[in-house]
Amino acid sequence: MSLAANARRRFRIPRPVLIGGGIVLVFLAIFAACQMRPKPPAEPYRFGAVERGDVTRAVSASGSLQALITVDVGSQISGLVTRVLADFNDNVRAGQTLAVIDPQTFQSRVAQSLADINAGEAQVRQAQATLANAEADFARKKTLVDQGISSPAVLDQATAALGVARANVAAARARVGQSQATLRIQRADLVRTTIVSPINGVVVDRKVEPGQTVAASFQAPVLFTIAQDLSKVEVRISVDEADVGQVREGQAVRFTVDAFPDDAFAGVVTQVRKQPTTTQNVVTYTVIAEADNPARMLLPGMTANADIIIDVRRNVLKIPATALRWTPPPPPRRGPDNDDAKPATPPPTRAAPSADGMRPGTVYVVRDDAPKAIAVRVGATDGTVVEVVSRELKAGDQVILGGGPKAGARGFGGGPPPSVRARLGE
């Protein structure tokens, strides 16, 4: 074998090294291509229009619907329910029979009380006869004593007998009065075996069935619930403690219910209750509002999503609320490579809140291809749009809502400044 062949074999590059070197070259080529690729343009600004219109400030909360007047009809006596004459959704009138409790026991008690009265009246007559006899005996003995025929002791005995007779008459009459009072109670209980409606209204709940026994021991069991008038409903709104200070009687209320999501209903605040309700460390207060319900669409128990109108600003200048939250990124440091970078106009010095309650704020508009800060006074807001007052803004102007160059970008147009681009041959 020749020396040349031995040299070629000694200096041959191993195959794995060649493959690895090829892979490294591919990655270097990809990296160079990425570096030479043009920079993407900066994200465009997003704008919102300055408009003139109304801004409504409201407190949002949830609640439930109730009838204005709801009466629970119960039973003051215990017994077996023999008839139920009213059902759910029935219209009832005041005095109408709703149910009947078996009256036999109470009829027997009334009869017994009548018999007691009759017996008591007989005792009164008997005591009166005894009294008449005692009075006659007293008169005879007094005459004999006055004539000296009988001793004074005889008259004393007649006087005592007369007093006893009179007391017996009074006691008999008292027993009759007691029996009459018992009769009135028994008759009242007999009347209560007929359960009647106390008001005109609609039966919204029935909790009794024929054959059921009701027990009125410590409190009257509820048999029916009647809503007096569903042409008006009551909205009970749970308002957070942070918002309740703004709520006043007479404020308008707008609300919707899940059953009719496309319909809006209106009411008015009639009461702000001072009793707090604490649920999981959250304190709320109940605000009562009344609303018309002429079509009877709204039913007791429905959930209401309500907005209590605190203030309405008419025909004011308004902008999207997000415009107040946007600020431009800080400009890059000036130097020989970016001396043409144009920073945004710095925001003006914020003033103290004005006497009318409006607070200072800053929005940005584009002037000469750069954001310019505009000082505004901020008023009422509904969470989406906000009232502003500014001499530099007018209806139709566009304020920046977002977008634009990110923090750390060179200049506001995206990419390197012109001096650097010239060196790169761009």
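In what follows, the accompanying structure is described. (Residues numbered from 1 in each chain as written. Predicted model: local features only at pLDDT ≥ 70, side-chain atom pairs only at ≥ 80, totals over all residues. Heavy atoms only, no water.)

## Side note on the pattern of salt bridges
Now for step 1: According to the stated counting rule, one finds 13 salt bridges in the structure shown.
Now for step 2: In this structure, the salt-bridge partner of Lys 142 is Asp 146, at a minimum N-O distance of 3.2 Å. Here Lys 142 and its partner Asp 146 are both found in helix H3 (residues 104-146), four residues apart, which amounts to about one turn of the helix.
Now for step 3: Across the salt bridge formed by Glu 209 and Arg 206, the nearest N and O atoms sit 2.5 Å from each other.
Now for step 4: Connected via shared salt-bridge partners are Asp 87, Arg 206 and Glu 209. (Salt bridge = Lys/Arg side-chain N within 4 Å of Asp/Glu carboxyl O. Helix = DSSP H or I, 4+ residues; strand = E, 2+ residues; numbered from the N terminus.)

## Remarks on the packing of aromatic side chains
Now for step 1: Using the criterion set out here, one finds four aromatic pairs in the structure.
Now for step 2: Arranged with centres 6.1 Å apart and planes meeting at 55°, the rings of Tyr 45 and Phe 47 form a pair that is tilted.
Now for step 3: Each ring, one from Trp 326 and one from Tyr 364, has its centre 5.4 Å from the other, and the planes form 80°; the classification is edge-to-face. Placement of Trp 326 in the loop between strand E15 (303-320) and strand E16 (359-367) and of Tyr 364 in strand E16 is noted, with a sequence separation of 38 residues between them.
Now for step 4: With relative accessibility at 9%, the residue Trp 326 sits in the buried group.
Now for step 5: Classification of Tyr 364 as buried rests on a relative accessible area of 4%.
Now for step 6: Among the aromatic residues, those joined into a ring-pair cluster are Tyr 45, Phe 47, Trp 326 and Tyr 364. (Phe/Tyr/Trp six-rings, centres within 6.5 Å; stacked < 30°, edge-to-face > 60°. Buried < 20%, exposed > 50% of the residue type's maximum accessible area, 1.4 Å probe, protein only.)

## Comments concerning the environment of Leu 114
Now for step 1: Along the chain, Leu 114 turns up in helix H3.
Now for step 2: When the C-alpha positions of Leu 114 and Gln 180 are compared, they lie 7.8 Å apart, and in sequence the two are 66 residues distant.
Now for step 3: Residues within four places of Leu 114 in sequence aside, it is in contact with Leu 183 and Arg 187. (Contact = heavy atoms within 4.5 Å.)

## Concerning the sheet that holds strand E8 (residues 201-206)
Now for step 1: Reading across the sheet, the four strands line up as E3-E10-E8-E5 and stay open at both edges, with antiparallel pairing between neighbours. The outermost strands of the open sheet, each flanked by one partner alone, are strand E3 (70-74) and strand E5 (91-92).
Now for step 2: The pairing of E5 with E8 spans two bridges and is antiparallel. Paired with Asn 91 across the two strands is Val 202, which belongs to E8. (Pairing = 2+ DSSP bridges.)

## Description of H3
Now for step 1: With 43 residues, H3 ought to run about 63 Å at 1.5 Å a step, and its terminal C-alpha atoms sit 63 Å apart, in line with that.
Now for step 2: Listed as buried for H3 are Phe 106, Val 110, Ser 113, Ile 117, Gly 120, Val 124, Ala 127, Leu 131, Ala 134 and Val 145.
Now for step 3: Of the surrounding secondary structure, the elements contacted by the buried residues of H3 are helix H4 (152-192).
Now for step 4: Looking at the residues trailing H3, positive phi occurs at Gly 148, about 80°. (Expected span 1.5 Å × (residues − 1).)

## Some points on the nonpolar core
The tendency in soluble globular proteins is for nonpolar side chains to be buried side by side.
Now for step 1: Ranked by internal contacts, the top residues of the largest apolar core, which has 23 residues, are Leu 65, Ile 237, Val 239, Val 253, Phe 255 and Ile 308.
Now for step 2: Contributions of two or more residues to this core are made by strand E2 (51-67), strand E11 (232-240), strand E12 (252-257), strand E13 (260-279), strand E14 (282-292) and E15.
Now for step 3: Every residue in contact with Leu 65, bar those within four places of it in the chain, is listed here: Glu 234, Val 235, Phe 255, Val 257, Leu 298, Leu 299, Pro 300, Gly 301, Met 302 and Ala 304.
Now for step 4: One finds Val 81, Ile 195, Leu 223 and Phe 224 within the second-largest nonpolar core, a separate group that totals 18 residues. (Core = buried A, V, L, I, M, F, W, Y, C linked by side-chain atoms within 4.5 Å.)

## Observations regarding the packing of H3 against H4
Now for step 1: With their axes 7 Å apart at the nearest point, H3 and H4 run at an angle of 165° to one another. For the element pair H3 / H4, the angle class is roughly antiparallel. As H3 packs across H4, the resulting crossing turns out to be left-handed.
Now for step 2: Considered class by class, the residues forming the contact of H3 with H4 number 22 nonpolar, twelve polar and twelve charged. (Axes fitted to C-alpha atoms, helices over the stretch in contact; angles between N-to-C directions. Parallel < 35°, antiparallel > 145°, perpendicular 65-115°, else oblique. Left-handed = near helix turned anticlockwise from the far one by under 90°. Nonpolar A, V, L, I, M, F, W, Y, C, P; charged D, E, K, R; others polar.)

## What about unusual backbone geometry?
Now for step 1: Even without glycine at this site, Arg 296 takes up a positive phi of about 55°.
Now for step 2: Its place among the elements puts Arg 296 in the loop between E14 and E15.
Now for step 3: With a phi angle near 55°, Asp 368 is a residue other than glycine that sits in the positive phi range.
Now for step 4: Along the polypeptide, Asp 368 turns up in the loop between E16 and strand E17 (370-381).
Now for step 5: According to the relative accessible area criterion, Asp 368 is exposed, its value standing at 62%.

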